[in-house]
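The lines below spell out each chain.
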Amino acid sequence: MKKGQVYEATVERVDFPGRGIAQTGEGAVTVKNSLPGQKIKFGISKVRNGKAEGRLLEVLEKSPLETAAPCSHFGMCGGCTYLSLPYEEQLGVKEGQVKRLLDVCLEGQKEDWTWEGIKGSPKVYGYRNKMEFTFGDEQKDGPLTLGMHKRGSFYDVVTVEDCQIVDEDYRRILNRVRDYFASYPSGGGIRYYHRMRHEGYLRHLVVRKAGRTGEILVALVTSSQDPWGNLMAMRDGDEAGREPNMRHVQTDMTEEGLLQGFLDSLLELERSGSLEGHFAGILHIVNDSLADVVQGDSIKVLYGQDYFYEELLGLRFKVSVFSFFQTNSFGAEVLYQTAREYVGDLGCGAEGVPDKVVYDLYSGTGTIAQVMASAAQRVIGVEIVEEAVRAAVRNAEENGLDNCTFIAGDVLKVLDTIVEKPDYIILDPPRDGIHPKVLPKILSYGVERIVYISCKPTSLVRDLVEFQKGGYQVRRACCIDMFPHTANIETVCLLSR
């Protein structure tokens, strides 16, 4: 095969993460954004070390598994991959991806292990509790859009007013904010932030909503630049020469007035009874980073507070705009219950009092640590994001847990400073898995059981090889669908010496 050649073939299966495998007369080709059973046309985009990758050009025939997608943006928006498959078929695809990876990884393991399948999300639609929408346009110089990037595009943004992985409150807030800025003041032309030129004002809209409490946190993320750019230079121009809709430039076109109108528009949405939830806080965040990421150089509370509360498994968690928190609250309960079950009975001391120490490494806002607290003498969480650690400490206090300790810092360095040694370890690292220098330190504790939670199974199997070399074997494993309709999946493994 050579780059640029075009083939037609049927997709045999889809490997993680969303990579279809199609067989040609010259060998297998990996084609992203394809579904099992589809007949596709694709062009070869890369051939390296005997492996070929293709770019999807056209779906010639739908998969027999497909049904009508319930979202008008499917195929255009880059958010969902499997939305046109019935949910049971999605689960089958994801389970097969993880099981194939583990089968190869554990082929030489001496002891048997148990594969426990996949657990679906309690909510299939409207399950997300956080969305980061981007301002932009759908085509060059087109009208203002607010939503998700087009599939395969760095620039184009689709207003996902029909998005099905969030509930109606998200869609109403998105539409209200987009319409407000697109029409303020009547053709004023507020600029979105151009990611290559690093010019413009509107960057992102972050919406978080607690699944249990219904509290909503909204954050408008802008640059510190002038919202109208060169348009403001017209303040000193000839009034008679302006178009009628520009006559308000001196009185209305200020950032303070712009933000006040944004706030009033959202509060009116709540007062009108259009929302099922209610606003806990509305924020303005200034972000001048050159990277296309949501972060804050400064945060101003326009209304309410800068956090909301969510409830999981009888515990209450305070969540801020930047706190790491599982994006599917209902699925998180399934995940944490599974992790707790995999840890098993920690046992007690001679007086029937819990006497075991549990490490929760990469602990985020301390959710897993607090779920484990009732069965342990002490749980020690380590997390590199300081804001998340502060949230974990607050949450433990609010839940009346005095046996949880949270340490801010890099796991690689912090492990050398902790005096208490663990009896059990829970790992929930970021997508790239565990740093190679951290693995020997974890292995050196020689604990009886380790529970590894992974959001990227390819990183998981890489790390499992090192655990096997260190004397551990996988005993149980399953996956949990925290992200219906997307290519993402969580995996939980129990390892023992």
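Conventions we followed
Residues numbered from 1 in each chain as written. Predicted model: local features only at pLDDT ≥ 70, side-chain atom pairs only at ≥ 80, totals over all residues. Heavy atoms only, no water. Helix = DSSP H or I, 4+ residues; strand = E, 2+ residues; numbered from the N terminus. Rg over C-alpha atoms; globule rule 2.2 N^0.38 Å. Buried < 20%, exposed > 50% of the residue type's maximum accessible area, 1.4 Å probe, protein only. Contact = heavy atoms within 4.5 Å. Areas by Shrake-Rupley, 256 points an atom, 1.4 Å probe, with all protein chains shown as cover. Pairing = 2+ DSSP bridges. Axes fitted to C-alpha atoms, helices over the stretch in contact; angles between N-to-C directions. Patch = residues over 30% accessible without salt bridge, like charges linked within 9 Å, V, L, I, M, F, W, Y side chains within 5 Å. Salt bridge = Lys/Arg side-chain N within 4 Å of Asp/Glu carboxyl O. Core = buried A, V, L, I, M, F, W, Y, C linked by side-chain atoms within 4.5 Å. Expected span 1.5 Å × (residues − 1). Polar contact = N/O pair within 3.5 Å; in protein donor to acceptor, adjacent residues only side chain to side chain. Left-handed = near helix turned anticlockwise from the far one by under 90°. Nonpolar A, V, L, I, M, F, W, Y, C, P; charged D, E, K, R; others polar.

**Things to note about the overall build of the protein**
In step 1: Looking only at helices and strands, one finds 9 helices and 22 strands in the protein.
In step 2: On C-alpha atoms alone, the protein measures out to a radius of gyration of 25 Å, which is about the 23 Å that the 2.2 N^0.38 rule sets for 497 residues.
In step 3: Projected onto its principal axes, the C-alpha positions of the protein cover 85 × 65 × 40 Å.
In step 4: Expressed as a percentage of the 497 residues in the protein, the buried residues total 53%.
In step 5: The contacts in the protein between residues at least 6 apart in sequence include a share of 64% that link residues at least 24 apart.
In step 6: Looking at the protein as shown, the accessible area adds up to about 21800 Å², and 48% of this sits on carbon and sulfur atoms.

**Notes on the sheet that holds strand β16 (residues 357–361)**
In step 1: An order of β6-β21-β22-β20-β19-β16-β17-β18 is seen for the 8 strands of this open sheet, with the pairing classed as mixed. Looking at the sheet topology across the chains shown, the edges are occupied by β6 (114–119) and β18 (404–408). The sheet shows a mean angle of 15° between the axes of neighbouring strands, taken without regard to direction.
In step 2: Pairing analysis gives 5 bridges linking strand β17 (residues 378–383) to β18, with the strands arranged parallel.

**Here we look at a nonpolar patch on the surface**
In step 1: Nonpolar side chains collect at one region of the surface, where F154, Y155 and M196 lie side by side and expose about 310 Å² of accessible area between them.
In step 2: Take Y155: its relative accessible area is 41%, and that puts it in the partly exposed class.

**Some words on the pairing of strand β11 (residues 215–222)**
In step 1: Burial analysis of β11 places 8 of its 8 residues in the buried class, which makes it a mostly covered element.
In step 2: Alignment of strand β10 (residues 202–209) against β11, held across 7 bridges, turns out to be antiparallel. Along β11, the bridge assignment pairs H204 with V221.
In step 3: Linking β10 to β11, which pair antiparallel, is a turn of 5 residues; within it G214 sits at a positive phi near 80°.
In step 4: Where β11 lies against strand β12 (residues 278–286), 8 bridges are found, and the strand directions are parallel. The partner of T222 across the bridge, within β12, is V286.

**Quick notes on the nonpolar core**
If you look at soluble globular proteins, the nonpolar side chains tend to sit buried side by side.
In step 1: Grouped together as the largest cluster of nonpolar side chains are 88 residues, with contacts concentrated most on I173, F181, L205 and F262.
In step 2: Setting aside residues up to four positions removed in sequence, F181 forms contacts with F135, L144, I190, L202, L220, L258 and F262.
In step 3: In terms of nonpolar packing, the next biggest core, distinct from the first, is built from 43 residues, L102, Y359, V382 and L464 among them.

**Focus on the pattern of salt bridges**
In step 1: Per the stated rule, a full pass over the model turns up 23 salt bridges.
In step 2: The residue K356 makes a salt bridge to D355 at a minimum N-O spacing of 2.9 Å.
In step 3: The closest approach of N and O atoms between E448 and R449, which form a salt bridge, is 3.1 Å.
In step 4: Owing to a relative accessible area of 16%, R449 belongs among the buried residues under this scheme.
In step 5: Residues joined in a network through salt bridges with shared partners are R13, D15 and R100.

**Digging into the side chain of T367**
In step 1: The topology assignment puts T367 in helix α5 (residues 367–372).
In step 2: We classify T367 as buried; its relative accessible area is 6%.

**Focus on unusual backbone geometry**
In step 1: The linkage connecting F16 with the following residue, P17, adopts the cis geometry, with an omega of -5°.
In step 2: If you trace the backbone, P17 turns up in the loop between β1 (6–15) and β2 (19–24).
In step 3: Phi is positive for H198, which is not a glycine, with a value near 60°.
In step 4: With respect to the helices and strands, H198 occurs in the loop between α2 (168–183) and β10.

**A few points about α2**
In step 1: Given a rise of 1.5 Å per residue, 16 residues ought to cover 22 Å, and the 23 Å separating the end C-alpha atoms of α2 matches this to within 8%.
In step 2: Every buried residue of α2 is listed here: D169, Y170, R171, I173, L174, V177, R178, Y180 and F181.
In step 3: Those residues of α2 hidden inside the fold are in contact with β7 (130–137), β8 (144–149), β10, β11, α3 (255–271) and β12.
In step 4: For α2, the capping residue at the N-terminal end is D167, with a side-chain oxygen 3.0 Å from the backbone nitrogen of D169.

**Some points on helix α1 (residues 87–105)**
In step 1: Its 19 residues give α1 an end-to-end C-alpha distance of 27 Å, which sits within 8% of 27 Å, the value for a rise of 1.5 Å per residue.
In step 2: All of the buried residues along α1 are Y87, Q90, L91, V93, K94, G96, Q97, V98, L102 and C105.
In step 3: Tucked inside the fold, the buried residues of α1 contact β1, β6, α9 (457–469), β21 (473–480) and β22 (490–496).

**Some thoughts on the packing of α2 against α3**
When two helices pack together, you describe them by how their axes are tilted relative to each other and by the distance separating the axes.
In step 1: Interhelical geometry of α2 versus α3 gives an angle of 145° and a closest axis separation of 10 Å. Considering only the axes of α2 and α3, their crossing is right-handed. Between α2, through R172, I173, R176, V177, Y180 and F181, and α3, the contact on the second element is made entirely by G257, L258, G261, F262, S265, L266, E268 and L269.
In step 2: Taken together, the residues that form the contact of α2 with α3 break down as 8 nonpolar, 3 polar and 3 charged.

**Comments concerning the side chain of K130**
In step 1: With respect to the helices and strands, K130 occurs in strand β7.
In step 2: Not counting residues within four places of it along the chain, the set of residues in contact with K130 comprises Y170, V206, V207, R208, V321 and T327.

Honestly, it's all geometry; don't read function into it.
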